[in-house]
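# Fold and geometry: a report
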Amino acid sequence: MTVAVWEAIRRRPLRFALSAWPLRCWAFLLSGTFMGFAALLLFAALVFVGLGLSVVGIGLVFLAAAAVFGIPVATLERRRLRLVEPDPLLDPHGSLPGTSALPWVRNRLRERATWRELGYTLILGVVFTTTGVGFIALLGLSVILTATPVVVWAITPDTVMLIPGQPLSDPVAALPGSAVGLFGLVVSVYAGGLLAGAQVRVAQFVLSARDEDLKTRVIELTRSRARLIDAFEAERSRIERDLHDGAQQQLVALTITLGLVELELRGHDSAAGQLITRARGEARQALGQLRSLVRDIHPQVLTDHGLPAAVAELALRNPVPVTVHMDLPHRLPTAVETTAYFTITEALTNAAKHSGADEVTVVGNLRNDKLVLLITDNGHGGADPAAGAGLQGLADRMAILKGRLIVTSPVGGPTQLRAEVPCSA
């Protein structure tokens, strides 16, 4: 990783002194000195109190706080580094939403990044604070020497002394000291840049995310994605069950009740009988729509008999003739079957609505523990995944299971969707 301030000095050393870089470096070093000193005091206080109270047990809380003390310090450091380093450092810690204090501390103590950040806190409090104090002394002395003629002019002569026992009689006599001060400011410009770059380099080495941190984050994201899939399937099952056992049964009971009323009114020449007949027909229509909705949420045949049977049933209901060739030696994981089913459903719907096709072919098989689907229609083609949310939604759903969706649709056709879903995802 490059260091921006070092690159600025190397490329244009003279222009560096006249740019905003020196002020940014000075602000970075001064703020780091005070921050490091405060962090060192707080850390020492936590350790001292924790050791003193460890005999009564509560001291363990302070020691645990001292162990994770580097995390907030490192967070502030990553923000402070933006003064001299435009490229931000990636936080190595994974997110732990909804986690209480004890599990949070336990998980953080298991991460190597926590101990690296604690070590950086000690470096900041001891090494960087010491060098910062030295730099502040150099900068302050240089400013004082540079301003000596003005000080001599503003204050009564013979009261300002650069050398003990030798008071300055007039501002002209202070010009050599001013020259030394200007030289010190020039030294401070480049020394500040070099020191700031050294601190940035140490921060990049210690505070940036490493391969093991990124692998841990990938594992956390994978587990989170699996939990989301499970939660989605559980919610889908709940909605399906509520519709099937609740609203659907009530509509069936309503249809039966209206049928009984229609029988009672049969033979009576009244408008009520016609209204009852009409209401019964509308109830049947609503029941059919509800059954179609339940089937679209998750068909029961998919749960009971697997993907080939569900696709065969889907082909029978499709307005465009569909030829199905599904060669699957065994049942697939539920998430894979569900994703494949809705991918085929969306593809057949698009073919019927937009492609103008009169024939669709669905081919599915397993290759190296991966479900491969080919959905081909002989329509006019020109399908654009960016034009709507349908194909993009299918691609996003594939990505959840580490799969991919490839759309080939030249103008004039044919259109082919190739979906690959790992069964071990």
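These remarks concern the structure in this document. Values in this document were obtained by computation on a predicted structure and should not be read as measured data.

### Section: a nonpolar patch on the surface
A surface patch of nonpolar side chains, about 490 Å² in accessible area, is lined by L53, V55, V56, I58 and V61. Positionally, V55 belongs in the loop between α3 (21–53) and α4 (59–67). Here V55 falls in the exposed class, since its relative accessible area comes to 74%.

### A closer look at the sheet that holds strand β4 (residues 360–366)
The sheet built from five strands is open, its strands ordered β3-β4-β5-β7-β6 with mixed pairing. Of all the strands in the sheet, the pair left with one neighbour each is β3 (322–327) and β6 (404–408). Taking the axes of each pair of neighbouring strands and ignoring which way they run, one obtains an average angle of 10 degrees across the sheet. Where strand β5 (residues 370–377) meets strand β7 (residues 415–422), eight bridges bridge the pair, whose relative direction is antiparallel. By the bridge assignment for β7, D377 is matched with T415. Across the sheet, helix α13 (residues 307–317) is in contact with β3, β4 and β5; its angle to β3 comes to roughly 175 degrees. Docked against the sheet, helix α14 (residues 334–355) engages β3, β4, β5 and β7, running at close to 10 degrees with respect to β5.

### Thoughts on the pairing of β4
In the sheet, β3 pairs with β4 via six bridges, with the strands oriented parallel. When the sheet's bridge partners are listed, V324 is paired in β4 with V362. The pairing of β4 with β5 spans seven bridges and is antiparallel. Bridging from a neighbouring strand, L366 pairs with L371 of β5. The turn joining β4 and β5, which pair antiparallel and follow one another in sequence, is formed by three residues; a positive phi near 55 degrees is taken by N368.

Criteria and cut-off values
- Residues numbered from 1 in each chain as written.
- Predicted model: local features only at pLDDT ≥ 70, side-chain atom pairs only at ≥ 80, totals over all residues.
- Heavy atoms only, no water.
- Patch = residues over 30% accessible without salt bridge, like charges linked within 9 Å, V, L, I, M, F, W, Y side chains within 5 Å.
- Areas by Shrake-Rupley, 256 points an atom, 1.4 Å probe, with all protein chains shown as cover.
- Salt bridge = Lys/Arg side-chain N within 4 Å of Asp/Glu carboxyl O.
- Helix = DSSP H or I, 4+ residues; strand = E, 2+ residues; numbered from the N terminus.
- Buried < 20%, exposed > 50% of the residue type's maximum accessible area, 1.4 Å probe, protein only.
- Pairing = 2+ DSSP bridges.
- Axes fitted to C-alpha atoms, helices over the stretch in contact; angles between N-to-C directions.
- Contact = heavy atoms within 4.5 Å.

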